[in-house]
Every structure is written in C-alpha cells, then in structure tokens.
Amino acid sequence: VNSSTDTTSTRWSLWFTFLCGPFAWTAHEFLSYALVRPACSYGVLILEYIVTLAALATVGGGLYLALRIHHGTFTDPPTTPHFLAIAAIVLNVLFGYAIVMEAIPNLVVSPCL
Amino acid sequence: MAVEQRPEVVNLPHVEPEPEHEDALKRIWTDPTGPWGWTANVQNGPIAKRFMATVFAFFLIGGVEALIMRTQLATPNNTFVTPDVYNQVFTMHGSTMMFLFAVPMMEAFAEFLIPVMIGTRELPFPRMTAFLYWTLLFGAIMFNASFLFRSLPDSGWFAYTPLSSVPYSSSLGIDFWNLGLDVAQIAAIGDAFEIIVGILKTRAPGMSLRHLPVYLWSLLVMGFSMIFGFTPLFICTLMLNLDRHWATHFFDSSAGGNPLLWQHLFWIFGHPEVYIMFIPATGLISMIIPTFARRRLVGHTLVVLSMVATGFLSFGLWVHHMFSSGGVPPLAMSFFTAASMTIAVPSGVQMIAWIATLWGTRPRMTTSMLYSIGFIVTFVLGGISGVTLAVVPWDWQVTDDYYVVAHFHYVLIGSLLFGMFAGLYYWLPKLTNRMFSEPLGKWNFWVTIIGFNIAFFPMHFSGLLGMPRRVYTFPAGAGLELPNLVSTVGAYILGVGVLLFLINFFWSTVLAHGRETGINPWGAGTLDFATESPPPDEGYRVMPIVHSLFPLWDQDRLDEGDPETVRLVHALEQSPTHYRATLITSLAEGIPEGVLRMASASRLPLLTSIGLAVLFAGELFGVHAVTIIGLSVMIVGIWLWLWPPIVEREFQLGDNGGPTVHGLPVYHTGARAPGWWAMLLVLLTISVGSACCIFSYFYLRATVPDWPPAGITRPDLALPIVRNVLLVVSLAPAWWALRAIRRDHQVQLQLSLVLVLTCGVAFVAATLAEILQWDPNLQAQAYGSIFYLLQGIQLLIIIIGLLIGLFCLAQASLGYFNRWRHLAVQNLANYWTFATIHWLIVAAVVYVSPYIL
C-alpha cells in the first residue's frame, strides 16, 4: 500500500464516500415518505424539493471526494484504497440516479391524492 | 472476441507437512467422536453438513405440502383437503420454505465455505456455530410441533393482523408459528455476526478487500441484511405475542393500535428477505461461472457494487407489498415504485457480467453450470414480472392472484433452488469427497427445470384470468381448469426432479459410488479448492498467503510473500499453539495483526440452546415457571461458555510485556479484536430493534388525534430525571474501569465495576418505583403498549449490562484482567455507553415528545 495514501484520514474519507450515496438515498426516501402528508396539509411541496436537493448535494459531495481520492490513489498494481474509491464513485452515481428517480413523482403527482 | 482462458488443470501449490507437525495440529483441532461427541462438536464442516441435511429435510416437508396444495387444485371444486386444512398447508408451506429452508440453506453454505475460502482454520466463534445449529433445530421442531398438537397456523406466511390476532386465530397455531420462528430468527441473526466478523477479521494474510472473492462480498451484504431485516421481524412477532397473551394493543384498532403497523414491520423484513436469499445465491453463481468458463469474472468490481447497492435498495421497497392495503398516499407509493424499478439496475449489471464472462468461451457444461444458466434465465423472467408489479395500477390489478404466485416462485426457485443445486453440485463433493454422477445430475437438472416451468408458467395466465391465491378451490367454466391441471402435473415433475437429486446423492455419496473428489476437481481458482476433500479440521496446515483474486490460477505457491509473513505461517504449522488458534488480520489489507485463540469442543452451546428452547416453550404454553427455568439455564450456559479457559490464565503468569505467539500478540482490544466487533454488531442489532419500536411509537402517534389518549395523564418527569442522572453518572466509573485496567490498577478496576453495578441496580429500582406510579389506564390503550415496550426494552438492556458487569467483576476479583487482557471490560464500557445513549433517546421519545408533538 502506498504509505502516503494509507493515512487514517484517507481511510475515514473512503468509508465516508463509500456510504455517502446509500445513506443519502435512504434518508431521502424516508423523509420524502414522511413529508407527503405535511406537504398536503400545509401546501408546501417545497419541503420535498429541499430534501431532494440536500440528498443530491450529499451524493455530489461524496462523488467529488471519491474522485479526488481516486486520482490520489492511482498506482499500478491498484491498491485497496483505489478499489474502494472506484466503488464509492459508482455507488454515488447509482444512488444519485435513484434519488432523481424518486424525485420525479414530486413534479407530477399531487401530495393530496 | 479474444478470450483469455485458464488452463484446464490447476496444480495445487501445496506444502507437505512434517508428520509430527501434522499430528500436533490434528490433536489440537479434532473434536470428540461418536454420538456423545457429536453433541460437543463445534467444527464448521460437520456442523455445515448437519445444517444442510436438516434444512433439506424441511425443504422436502415444504415440498410435500406444496404437492398437497397442487393436488387439491388439480380439478375444480376438488375435495382432496378441506378449506381449513388447505389454509394450514399453505401457511406451513410458505413459512417452512422461507424460514426453515431458504435462509438457513444459505447460512449452511456460508458456514462451510467461509473458512476455506478466506484461508483460515475455523469460523471466529466456533461455539456460536454449534449454538446456531441447535437453536435452528429446536426452533424448527417447535414450529412443526404444531402438527402433533393438531393446531397448525393458518394465517399465511406473513400472518397479517388482525387475522392472526386472538379474535380471529384463538388456537395455539399462531403461537407455534410465532415463537418457533423467533427461535429460528435468533439463529439467523447470530449467523450474521459469525459471517461478518469472520470475513472482516480472520482472512488469510494478503487477502485485501480487492482480493475478496465475490461470494464473500455477497455474504457480507447478506450478514448486514439479516441484522437489519430479521430484527424488525423479531420486534413485530414480539408485539404480536404481547398482543395475544399480555393484553397489549399494538394491532388492535379499537384501542388505538393499527393493523397496518404489522404490515410495515413485516415487509421491512419481508422484502429484504428475498435478497437475503438471492444475493448469496448470486455469489455462488459468480464463483461457479468463472471456473467453468475458465475465465475471470467480467466486471468484478461492478458485480460487488451491485450486491452492495442491491442490499441497500432492498430496504427501500417494502411499501410495494402494501400498494393495495390502503393508508399510503399515491405520491408516497410513487417513491417506492421508483425504488422498486431502480433495483433492477444492479441486478441487471450482474446478469450482464455473467453473460459477458461466458461470451466467447466454451464452458464445461457440468450439472452445476447447467443450474447456473437455469438460474440466470429463470431469475430474469421472475425479475421482469417483478418490475411490472412495481407499477401501482398493475399491482392493484393482480394483487393476491396467481400472477404474483408465479412471479415470486420464478424469483425464489430461480435464484434460491437453482442456486442451491448449482452450489451443491459444485461444493458438496468437496465436503463429502465423492463426486456426483454427472449423467444423473443432468437428468436431475432437465426434469427439474422442465417441471418447474410447466408448474409455474401457466400460473401467470390463471392469475390474469382472475384466480385468487390462498383459496382452496376454483369454479368450473372460468377457463382455469387447463392451467391448473398443467401446473399440478408440472409440480409433480418438479418433485421427481428433486427426487433424482436425492437418488444421485445417495448413490454417489452415501453408497460411495462416486469417484473421489481429490483436491481441485473443477480447476477452480479460489482457496476453497486448495485443501483436501473434505477439508481437514484444522482447515489449512500452512495458512495460505494471497496475492490475487484467483490465487490458485495466478500464484505459483501459496506460501510465498514477504519474509515475515512466510516465517509466521510456517511457524504456526511447525510449532502450533497448544490451543486452537488462527490469525487475526486487518480489515482492509489482510495484514496479520494477532493470534486469535478459538474455543474448543463443548456441550455448553447445546445446553444454552436447550435453555432458549425451554424459555420459548414456557412462553408458548403460558407456564412462567418453565420460562424462568429456561432463562436460568441460558444464563448459566452463556456464563460458563464465556468464562476464560485455563490456558488463557496460564498466559497471564509472568508476562511483563504483552504475551505473544510467534511475534504476534495473543490478547486484543478495540477494532483488532473479533470480540469487539461482535459487541459492535450486538449493539447494532439492538439499535435496529429499538429504531423499529420508535418508528412504531410515532406511527401509532400519527394515526390517532390525541397523544396520550383522553383519560391518560402525561407521565411525570421526576423519576425519569433521576434515572437519567443515574445512568449518565454511571458512565464515569464504566470508563474509569477501563482506564484503571490499562494501567494495571486492579483495586481501582474492582471499585469502578462495583460503582457501575450500583448505579445500574439503582436505575432498575427507580424504574420499578416509577412503574408503581404509572397510570393504570395505560393498559387499555396502544399508547400504553408502546410505552411499556420501550421501557421494557430499556430495562432489559440494563439487566443484561448488569450481568456483563457481574461477569467482569467476577473475573476482576480473581485477577484475570491485566493491561493486555481486558476486552470484556472494554466491551462493558462500550455497552454501558450505548445503554445510556439508548435511554436518553427512549426518554426523549416517551417523556418529552408528548409535550411537543
């Protein structure tokens, strides 16, 4: 392992970016679900939009960090931090897609139906 | 397309042992033999065999139940069984297949394969392995004992309330279902600990995460999914039991409860349950295909990530089982539609990876490979019908009809059954040292897959024609006669297919007509085919050093690497410890960190498991004295089980520095210690359970206008504040105890432990005093039920903490702890901190939130 990359901060950053997407998506789904009735009662669908934007910002942050670590850990042969960085990039992209998919109904379905 | 294929034969880079070294290792690792010795066995190999045989027996029972159903439905208005018996049979079939066959079979594979695949000697907690087997066995017996009492459950495998509540199911049937399955769930959660800690902390030197075979990744996902999935099930079945026998009202709508709460909690378990079975099955397939294609898995990283993503996504789909239940707004349903469709993406990635791996190769079409291809085709069909069910209008149209039955059988049989057969044909010869008959295996495959499709494909049409599931008959003249008759014929053909497997097994293995397996019959590239068949008790004589994802394909030898690691693995073989031991390695890189002392053969797991079964049996029949006896046996069993053996005490003598073996430390604390990880997972499990209870609290709160309901006063805050203070104050001695032993201050350690215990006992006393002040009207409302439940869980957490504290104090008073060896004290500090934080959250929910929300 490249000693310059095997620092505690890099390890923590890696696990953070690895879990960023899944946790952002989980929070997005649960909060979106919980906010449907308040959105109808108070007529404020903007709460749903804020949750989506916050989730996408989290995923975007995770993706940015993962890309930085990916560039910083590139060696031949590849190392475990590099493997985890690639994993984090893919997971953030996938869960970003899932968040967008879940946000689309907010644009077309009324919360009061 | 140019394809780099591996050579047909892979030679084993094996290290021949010196005879005297081999004898020493064997003496240490061999369990007692004979029937009496059998009860003390803790080796993963024999226990995995028992696990497989036991759950296969339940699979046959579930299969016979399926044939009874199909016989009844062969013709319209048939009277082969009565409606009541039909209800019981479909409940037993679903429950047996889901709880006693599907998940346990995947656990059995894991128990056998993990040690050999990660290159270690044994699973990290061998007595736990034995305990899990006995627990599953007793739970399954308790569940099936309902046959003897002629009181079978009849509410379907998901036992919806209020159908499963006392007014509609007053017999013991649901209680057999409930408590028997609770015992089996404990086995599943315990297995998750074993799987996760084993894979993360006891891999072969050099096996970093990027060299971790796909199957082991799938087991990690399965392990965490079992913790997050089975715990909600445990909570909701606990609530059902409390409703049925302890006068609570969680699901009683006339007292502020809500039957839909059951559906939420059940499906938070129930949907991931499918992936708990499916993901390890995909892991098996991802190991088999590269071997027979003689090519590395295409997109290894993407396949791993697909599994991880599928594991997460599977917990966000549960509401699609409730689209037709009402109570979920259409916008909210749309979120779950989106999630349900999104999960097709990672599943699709795996399919494409397998096809790409096979593309351009000439794979060996063994029976195992045929089943792998059957897996892919069948699961794609089931997956496509699954995507249609994510669409709300379509789901409304086909809910509870045979289209759904066809869908989930394509998914479950496609993934689990075909995955299991692929795995059995691939790995069972390794475990038994006898190869299956390939011609008979191919007959087995073709009869099974043809029978399966004849049985289940017509159900799509009978469903679309409107045939409801769970109804014991159907009328003539509705166009349902032909598809039902064809399905019944197919079911019997499928049964013949399973019978052919049994014949093959007995002919090849039991009667020993199959040729001997040898070491690597398929030319596989992973470590599971690096040892003899069956793998010896010690696993590996010289523990392997790994530099590749396919070490048997890529490495010339398995004992080459950096000089220090080479010296270590040979030293462990030539001069083994006089107790069972394996290596602890670092989480990410697989670097040796220490030597892990492992438990030897013992009957304490059996005793503990008997205690657990007696406890639940006492609860089942409402005999509280029996419950208390079972609980006492359990506590004694666990205490003796965890009590350090003499060999560890010997280490304590005369060590000024840290005791080491071959240069590696033997005592561990913190993230290096498997026991620390096990405690972390215990706390995670309790957290999930408590989160379910808190979710239930707010769910019930959201469905009633007044909280607390009219006539119930808000709880007084005086005693809760005292309890807060007691626990927060007790944190100081809990951490002082750890600080003291790190400096070898024995007296300070004991005093700190006594202080912790005193605070804990005072907390329990304050709780009991508060209970006397609680409004008696609480008992009449769901508000009171959830209030009691959260308080009860907190009380239980503290009582368990007191037992851990007593355990530590007993060892401390005998001088067993020192600055090197004090994991139990560290675990107590962590546990006590968790218990305090847990209480602060519970107190905020039950005492503060009624004033705010």
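Owing to the predicted nature of the structure, the values given are computational and were not obtained by experimental measurement.

Scoring rules and cut-offs
- Residues numbered from 1 in each chain as written.
- Chains lettered and ligands numbered in written order.
- Predicted model: local features only at pLDDT ≥ 70, side-chain atom pairs only at ≥ 80, totals over all residues.
- Heavy atoms only, no water.
- Helix = DSSP H or I, 4+ residues; strand = E, 2+ residues; numbered from the N terminus.
- Rg over C-alpha atoms; globule rule 2.2 N^0.38 Å.
- Buried < 20%, exposed > 50% of the residue type's maximum accessible area, 1.4 Å probe, protein only.
- Contact = heavy atoms within 4.5 Å.
- Areas by Shrake-Rupley, 256 points an atom, 1.4 Å probe, with all protein chains shown as cover.
- Lys, Arg positive; Asp, Glu negative; His and termini not counted.
- Charge placed at Lys NZ, Arg CZ, Asp CG, Glu CD.
- Disulfide = S-S within 2.5 Å.
- Buried area = accessible area lost by both parts, 1.4 Å probe.
- Polar contact = N/O pair within 3.5 Å; in protein donor to acceptor, adjacent residues only side chain to side chain.
- Nonpolar A, V, L, I, M, F, W, Y, C, P; charged D, E, K, R; others polar.
- Pairing = 2+ DSSP bridges.
- Phe/Tyr/Trp six-rings, centres within 6.5 Å; stacked < 30°, edge-to-face > 60°.
- Lys NZ or Arg CZ within 6 Å of the ring centre and 35° of its normal.
- Salt bridge = Lys/Arg side-chain N within 4 Å of Asp/Glu carboxyl O.
- pLDDT = per-residue confidence, 0-100.

In this structure, what is going on with the overall build of chain A? I would like to understand it.
Looking only at helices and strands, chain A has 4 helices and 0 strands in total. Going residue by residue from the N terminus, the α and β elements of chain A occur as α-α-α-α. Its C-alpha radius of gyration of 17 Å places chain A more than 25% over the 13 Å reference for a compact globule of 113 residues. By principal-axis analysis of the C-alpha atoms, chain A measures approximately 55 × 20 × 15 Å. Counting across all 113 residues of chain A, residues that qualify as buried make up 45%. Taking all contacts inside chain A whose residues are at least 6 apart in sequence as the whole, residues at least 24 apart take part in 73%. Surface accessibility of chain A: about 5,700 Å² in total, with carbon and sulfur atoms responsible for 73%.

Would you mind going over the overall build of chain B with me for this structure?
A count of helical and extended segments in chain B gives 26 helices and 4 strands. Seen through its C-alpha atoms, chain B measures out along the principal axes to roughly 80 × 80 × 50 Å. Looking at chain B alone, contacts between residues at least 24 apart form 82% of all its contacts between residues at least 6 apart. Total accessible area on chain B stands at roughly 29,700 Å², and carbon and sulfur atoms take up 69% of it. Here chain B contributes 40 positive and 49 negative side-chain charges, whose respective centroids are spaced 4 Å apart.

Explain the state of the cysteines here, please?
Working definition of a disulfide: a covalent bond connecting the sulfur atoms of two cysteines. Taken as a whole and judged by the stated rule, the model has 1 disulfide over all chains. The disulfide that involves C40 of chain A links it to C112 of chain A, with 2.2 Å between the sulfurs. Here the S-S torsion is close to 115°, and the disulfide linking C40 of chain A with C112 of chain A is therefore right-handed. Residue C40 of chain A is found in helix α2 (residues 36–42), and its partner C112 of chain A is found in the segment after α4 (80–108); the two are separated by 72 residues along the sequence. Take C40 of chain A: its relative accessible area is 29%, and that puts it in the partly exposed class. We classify C112 of chain A as partly exposed; its relative accessible area is 44%. As a non-bridged cysteine, C759 of chain B has C808 of chain B as the owner of its nearest cysteine sulfur, 16 Å distant.

Would you mind going over the interface of chain A and chain B with me for this structure?
Chain A puts 36 residues into the contact, and the matching count from chain B is 33 residues. Carbon and sulfur atoms supply 81% of the area that chain A and chain B bury against each other, a total of about 3,000 Å² over both sides. Contact with chain B buries area across many residues of chain A, yet Y33, T80 and F83 of chain A alone supply 23% of it, more than any other trio. Counting every contact that joins chain A to chain B gives 3 residue pairs in polar contact (both at pLDDT 80 or more). Elements that contribute at least two residues to the side of chain A that touches chain B include exactly α1 (8–34), α2 and α4 of chain A. Broken down by element, the side of chain A that touches chain B gets its largest block of residues, 16 residues, from α4 of chain A. Among the residues forming the side of chain A that touches chain B, the class breakdown is 27 nonpolar, 5 polar and 4 charged.

Mind showing me how you'd approach the pairing of strand β1 (residues 581–585) of chain B here?
Burial runs high along β1 of chain B: 5 of the 5 residues are buried. Between β1 of chain B and strand β2 (residues 592–597) of chain B, which pair antiparallel in sequence order, lie 6 residues; one of them, G590 of chain B, sits at a positive phi of approximately 70°.

How should the packing of aromatic side chains be read in this particular structure?
Working definition: an aromatic ring pair is given by the centre-to-centre distance plus the angle between the planes. All names here are of chain B. Across all of its chains, the model carries 79 aromatic pairs over all chains by this definition. Centroid distance F176 to F621: 6.2 Å. Interplanar angle 80°. Geometry classified as edge-to-face. Taken together, the residues span a long stretch of sequence, with F176 in helix α6 (residues 173–201) and F621 in helix α19 (residues 604–621) at a distance of 445 residues. Given the relative accessible area of 40%, F621 is considered partly exposed. The ring of W38 carries R50 above its face, with NZ or CZ at 3.9 Å from the centroid. Taking NZ or CZ as reference, R50 lies 5.9 Å from the ring centre of Y133, over its face.

Please clarify how the pattern of salt bridges should be interpreted in this entry.
Should the charged atoms of two oppositely charged side chains come close, the side chains can pair. Residue and element names in this part refer to chain B. Under the definition given, this model contains 12 salt bridges over all chains. A salt bridge links E593 to K201, with the shortest nitrogen-to-oxygen separation between them at 2.8 Å. You can see E593 sitting in strand β2 and its partner K201 sitting in helix α6, a full 392 residues away along the chain. K201 sits in the buried class, given a relative accessible area of 2%.

Where do I start with the confidence of the model for chain A in this structure?
When pLDDT drops low, the exact placement of atoms in the prediction is not to be read closely. All names here are of chain A. Per-residue confidence for chain A gives a mean pLDDT of 85; residues scoring 70 or more make up 93%. Element-level pLDDT for chain A is lowest in α2, with a mean of 86, against a maximum mean of 92 in helix α3 (residues 46–72). Note that residues 1–5 has pLDDT below 50 and, in this model, 9 contacts with residues that lie over four places away or in other chains.

Got a minute to help me understand unusual backbone geometry in this structure?
A negative phi angle characterises most non-glycine residues, just as the trans form characterises most peptide bonds. Residues and elements named next belong to chain B. A cis amide bond, omega 5°, links T161 with the succeeding residue P162. Within the element layout of this structure, P162 appears in the loop between α5 (126–144) and α6. Cis geometry is adopted by the peptide bond preceding P534, which originates at S533 and carries an omega value of -10°. If you trace the backbone, P534 turns up in the loop between α16 (481–510) and α17 (551–554). The phi angle at N433 is positive, at roughly 65°, despite the residue not being glycine. Mapped onto the secondary structure, N433 falls in the loop between α14 (402–432) and α15 (438–464). For N433, a relative accessible area of 16% gives the class buried.

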